[in-house]
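So you can see what is in the structure, the chains are spelled out below.
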Amino acid sequence: IDAARRAREVGRTLTNLVMMGMGEPLQNYGPSITFLKRLNDPDGFGFGARRMTVSTSGIVPRIDALADEPLQINLAVSLHAPNDELRSSLVPINNRYPVAELMAACDRYIAKTGRRVSFEYALMRGINDSDEIARELAALLRGRLCHVNIIPLNPVDVLPYERPDPAGIERFANTLIAAGIPATVRYSRGLEIDAACG
């Protein structure tokens, strides 16, 4: 509410709300949903549910619960890899809810809500950015109502991961698009002042 007030003060409006990058909202399901319902309530903030997105690393039972909510909330899944071996090394919750289970939950969400799923994909040089992995990702997502947000990794001194070069980023995106998978490259802001999200 304070963000909306501040935006109005400078002649802007709050257009979207994304629960991402501040922990796993689906692990804190009850309070997260209560917050979203209060925001959406006409007697509260009156913010449209279609402008709200909840991001998850892949908590399968909570994706199913979200699909049953009476709100038209968007779902974003931090995927980062198309197979269990690689995804488990990057997203440890994959050991509990492997890729096949996660995709099945996403399919149920799409079937129940009619809404597309956004897949977040942090692109890392030499880790998950090869042509082979791009083709594997395209095969995994083919036929699903989805969109891939390709996020070139921002360099972080304490981590060994690096951002691919511009040609590699474009090649990965083009491989998905050529296979019929909607994809967009998302560049973070704030990199020049060390304020960009990893």
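Residues numbered from 1 in each chain as written. Predicted model: local features only at pLDDT ≥ 70, side-chain atom pairs only at ≥ 80, totals over all residues. Heavy atoms only, no water.

Colleague: I tried to follow the overall build of the protein on my own but got confused; where do I start?
Modeller: Scanning the protein from N- to C-terminus turns up 7 helices and 6 strands. Walking the protein from its N terminus toward its C terminus, one meets helices and strands in the order α-β-α-β-α-β-α-α-β-α-β-α-β. Its C-alpha atoms give the protein a radius of gyration of 17 Å, near enough to 16 Å, the size a compact globule of 198 residues would have. Along the longest, intermediate and shortest principal axes, the C-alpha atoms of the protein span 50 × 40 × 30 Å. In the protein, the share of contacts with a sequence separation of at least 24, taken over all contacts with a separation of at least 6, comes to 67%. If you sum the accessible surface of the protein, you get close to 10800 Å²; carbon and sulfur atoms cover 51% of it. (Helix = DSSP H or I, 4+ residues; strand = E, 2+ residues; numbered from the N terminus. Rg over C-alpha atoms; globule rule 2.2 N^0.38 Å. Contact = heavy atoms within 4.5 Å. Areas by Shrake-Rupley, 256 points an atom, 1.4 Å probe, with all protein chains shown as cover.)

Colleague: Is there a simple way to explain the pattern of salt bridges in this structure?
Modeller: This structure, assessed with the given rule, holds 6 salt bridges. Residue D107 pairs with R144 through a salt bridge whose shortest N-O separation is 2.6 Å. Placement of D107 in helix α5 (residues 99-113) and of R144 in the loop between α6 (131-141) and β5 (146-152) is noted, with a sequence separation of 37 residues between them. D107 gets classed as partly exposed once you look at its relative accessible area, which sits at 31%. With a closest N to O distance of 2.9 Å, D131 and R171 form a salt bridge. In this pair, D131 is assigned in helix α6 and R171 in helix α7 (residues 166-178), connecting sequence segments 40 residues apart. Relative accessible area serves as the criterion here: at 32%, D131 is assigned to the partly exposed category. (Salt bridge = Lys/Arg side-chain N within 4 Å of Asp/Glu carboxyl O. Buried < 20%, exposed > 50% of the residue type's maximum accessible area, 1.4 Å probe, protein only.)

Colleague: Help me understand α7 in this model?
Modeller: Residues spaced three or four apart along an α-helix point in a common direction, a consequence of the helix completing one turn every 3.6 residues. Spanning 13 residues, α7 covers 18 Å between terminal C-alpha atoms, matching the ideal 18 Å at 1.5 Å per step. On its buried face, α7 sits against β4 (117-123), α6, β5 and β6 (183-185). G180 lies just past α7 and shows a positive phi near 90 degrees. (Expected span 1.5 Å × (residues − 1).)

Colleague: Help me out: how do you make sense of the sheet that holds strand β2 (residues 52-56) in this one?
Modeller: Each strand in a sheet pairs with its neighbour through backbone hydrogen bonds, running either in the same direction (parallel) or in the opposite one (antiparallel). Spatial strand order, β1-β2-β3-β4-β5-β6: 6 strands in an open sheet with parallel pairing. For this open sheet the edge positions go to β1 (17-19) and β6, each flanked by a neighbour on one side alone. Recorded for the sheet is a direction-independent mean angle of 20 degrees between the axes of neighbouring strands. Bridge count for β5 against β6 is 3 bridges, and the pairing is parallel. Of the residues in β6, the one forming a bridge with I150 is V185. α5 contacts β3 (74-78) and β4 of the sheet and is inclined by roughly 145 degrees relative to β4. (Pairing = 2+ DSSP bridges. Axes fitted to C-alpha atoms, helices over the stretch in contact; angles between N-to-C directions.)

Colleague: For this particular structure, what's the right way to read the pairing of β4?
Modeller: Here β4 lies mainly inside the structure; 7 of its 7 residues are buried. By the alternation rule, side chains of β4 split into V117, F119, Y121 and L123 and S118, E120 and A122, which are all buried. Strand direction decides the pairing type here: β3 and β4, joined by 4 bridges, are parallel. Bridge assignment links A76 to a residue of β4, and that residue is S118. Bridge count for β4 against β5 is 7 bridges, and the pairing is parallel. Bridge pairing links S118 to H147 in β5.

Colleague: Would you mind showing me how to read the packing of aromatic side chains here?
Modeller: Aromatic ring pairs are reported here in terms of the distance separating the ring centres and the angle at which the planes meet. Inspection of the entire model under this criterion finds 1 aromatic pair. A cation over a ring is seen here: R51 above F47, with NZ or CZ 4.1 Å from the ring centre. (Phe/Tyr/Trp six-rings, centres within 6.5 Å; stacked < 30°, edge-to-face > 60°. Lys NZ or Arg CZ within 6 Å of the ring centre and 35° of its normal.)

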